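# Structural features, examined
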Amino acid sequence: MTDTPKPEKPAKEKRPQQVYTLLVQVGRKKGDGLPKGATGAGILCFASGVDEAEAVRETVAILKEADLAPLDVTGYGTLADREKQGDEIDPEERALMQRALDENSVIVVQMSPFFGDDA
């Protein structure tokens, strides 16, 4: 009996990582670190992923690890998407986006607490 070579599996095409701009609304949770009287917060993040769905999943997981309670995520696309929409992206934002890409990470850019009827 001879060993017949197994057919090689086609190599999976590796999709490149991109950075997505996400706005996450969080509610209150014990130990969340939000200011007293806040009803929640809006968190602007730059997150890397092969697609926006992966970036959202990673961001939500990390915010949950940080004892936050994500309620809703709005995606604003990649750097190229935002430029097409006419968004002005300053050098500091570009540097943070590049860092998220280089580190395959989620960068929290800004956190704005909501008070009363802000949300």
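Whatever comes next refers back to the structure up there.
Source: prediction; values computed, not measured.

Before going further, it helps to spend a moment on the pattern of salt bridges. Summed over all chains, the structure comprises 6 salt bridges. As a salt-bridge pair, Glu 93 and Arg 82 come within 3.5 Å of each other at their nearest N and O atoms. Residue Glu 93 is located in helix 3 (residues 91-103), and its partner Arg 82 is located in helix 2 (residues 79-84); the two are separated by 11 residues in the primary sequence. Here Glu 93 and Arg 82 have matching classes, each one buried. A salt bridge links Glu 83 to Arg 94; the shortest N-O distance between them is 2.7 Å. A residue pair is termed long-range when its members are at least 10 positions apart, and Glu 83 in helix 2 and Arg 94 in helix 3 qualify at 11 residues.

On to the sheet that holds strand 4 (residues 106-115). Strand order in the open sheet formed by 4 strands is 3-1-2-4, and the pairing between neighbours is antiparallel. Each having just a single partner strand, strand 3 (69-78) and strand 4 make up the two edges of the open sheet. Sheet twist, expressed as the average angle between the axes of neighbouring strands with direction ignored, equals 20 degrees. Pairing of strand 1 (residues 18-27) with strand 2 (residues 38-49) involves 9 bridges; the strand directions are antiparallel. When the bridges of strand 2 are listed, Gln 18 appears paired with Gly 49. Most of the contacts of helix 3 go to strand 2, to which it runs at about 65 degrees, and overall it touches strand 1, strand 2 and strand 4.

Quick look at helix 3 now. In an α-helix, one turn spans 3.6 residues, which is why side chains three or four residues apart end up on the same side. The end-to-end C-alpha distance of helix 3, which contains 13 residues, comes to 18 Å, matching closely the 18 Å that a straight helix rising 1.5 Å per residue would cover. Buried within helix 3 are the following residues: Glu 93, Met 97 and Ala 100. Along the axis of helix 3, the buried residues cluster in a sector spanning 55 degrees; they form a single face. Opposite the buried face of helix 3, by more than 90 degrees, sit the exposed residues Pro 91, Glu 92 and Asp 102. For helix 3, the elements touching its buried residues are strand 1, strand 2, helix 2 and strand 4. The N-capping residue of helix 3, defined by a side-chain oxygen 3.0 Å from the backbone nitrogen of Glu 92, is Asp 90. Just beyond helix 3, the residue with positive phi is Asn 104, at close to 50 degrees.

Basis of the calculations
Residues numbered from 1 in each chain as written. Predicted model: local features only at pLDDT ≥ 70, side-chain atom pairs only at ≥ 80, totals over all residues. Heavy atoms only, no water. Salt bridge = Lys/Arg side-chain N within 4 Å of Asp/Glu carboxyl O. Helix = DSSP H or I, 4+ residues; strand = E, 2+ residues; numbered from the N terminus. Buried < 20%, exposed > 50% of the residue type's maximum accessible area, 1.4 Å probe, protein only. Pairing = 2+ DSSP bridges. Axes fitted to C-alpha atoms, helices over the stretch in contact; angles between N-to-C directions. Contact = heavy atoms within 4.5 Å. Expected span 1.5 Å × (residues − 1). Arc of directions from axis to C-beta. Polar contact = N/O pair within 3.5 Å; in protein donor to acceptor, adjacent residues only side chain to side chain.

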